[in-house]
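# Descriptive structure summary
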Amino acid sequence: QVQLVESGGGPVQAGGSLRLSCAGSGRTFSRYCMGWFRQAPGKEREFVAAISYTGGNTPYADSVKGRFTISRDNAKNTVYLQMNNLKPEDTAVYYCAARDTTGVSTGDWMYDYWGQGTQVTVSS
């Protein structure tokens, strides 16, 4: 069982930056693939980024490539999403998720555990 708690969201102006954190519980956190997803009002949840348990594989959605960076610190049971050059279309609730796999997954249906989400609001 893994419990996930996101933090770091908030309001920001376009062009600004935020760093989201996702703290996980459990001694086996380091073996989980971690993902970030987001859901904007009236839209379906979409993939943002993921990171394998070693950190060596990090796929991104095309919409965030070059602006967002996912990383993890297994000693701290934490995964991060550094978001730079934010745009109004990045406004959404951001969720982190965990999947017990040695690979990396981009589909939300593949993930086993989810956090409650943190709101990111980008104003123009």
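Here, every reference points to the structure presented above.
Keep in mind that this is a model prediction, so the values were computed, not measured.

Another aspect to go through is the state of the cysteines. Under the criterion given, the structure shown has one disulfide. One disulfide in the model links C22 with C96; its S-S distance is 1.9 Å. Classification of the bridge connecting C22 and C96 rests on its S-S torsion, roughly 50°, and on that basis the disulfide is right-handed. Here the residue C22 occupies a position in strand β3 (residues 18-24), and C96 occupies one in strand β8 (residues 92-99), the gap between them amounting to 74 residues. The exposure class assigned to C22 is buried, which follows from its relative accessible area of 0%. No disulfide involves C33; its nearest neighbouring cysteine sulfur is the one of C96, lying 12 Å away. Here C33 falls in the buried class, since its relative accessible area comes to 0%.

So, about the environment of T78. Within the secondary structure, T78 is located in strand β7 (residues 78-83). Along the backbone, T78 and M34 are 44 residues apart, and their C-alpha atoms lie at a distance of 9.6 Å. With near-sequence residues (within four places) excluded, T78 lies in contact with S21, C22, A23, F29, R72 and D73. Reaching out from T78, the side chain makes a polar contact with the backbone oxygen of K76 at a distance of 2.8 Å.

Turning our eyes to something else, we now look at unusual backbone geometry. Positive phi outside glycine occurs at N77, with the angle close to 50°. A relative accessible area of 18% means that N77 is categorised as buried. A positive phi angle is found at N85, which is not glycine, with a value near 50°. For N85, a relative accessible area of 41% gives the class partly exposed.

What follows concerns the pattern of salt bridges. Scanning all chains against the criterion turns up six salt bridges. Residue R31 is joined to D100 by a salt bridge in which the shortest nitrogen-to-oxygen separation is 2.9 Å. Of this pair, R31 sits in the loop between β3 and β4 (33-39) while D100 sits in the loop between β8 and β9 (113-114), and the two are 69 residues apart along the sequence. With its nearest N and O atoms 3.3 Å apart, the salt bridge here joins D62 to K65. For D62, a relative accessible area of 65% translates into the label exposed.

By secondary structure assignment, the location of T54 is in the loop between β5 (46-51) and β6 (68-73). At 3.2 Å, the side chain of T54 and the backbone nitrogen of G56 are in polar contact.

Inspection of the secondary structure assignment puts T101 in the loop between β8 and β9. Residues in contact with T101, not counting those within four places in the same chain, are R31, Y32, C33 and Y53.

Procedures and definitions
Residues numbered from 1 in each chain as written. Predicted model: local features only at pLDDT ≥ 70, side-chain atom pairs only at ≥ 80, totals over all residues. Heavy atoms only, no water. Disulfide = S-S within 2.5 Å. Helix = DSSP H or I, 4+ residues; strand = E, 2+ residues; numbered from the N terminus. Buried < 20%, exposed > 50% of the residue type's maximum accessible area, 1.4 Å probe, protein only. Contact = heavy atoms within 4.5 Å. Polar contact = N/O pair within 3.5 Å; in protein donor to acceptor, adjacent residues only side chain to side chain. Salt bridge = Lys/Arg side-chain N within 4 Å of Asp/Glu carboxyl O.

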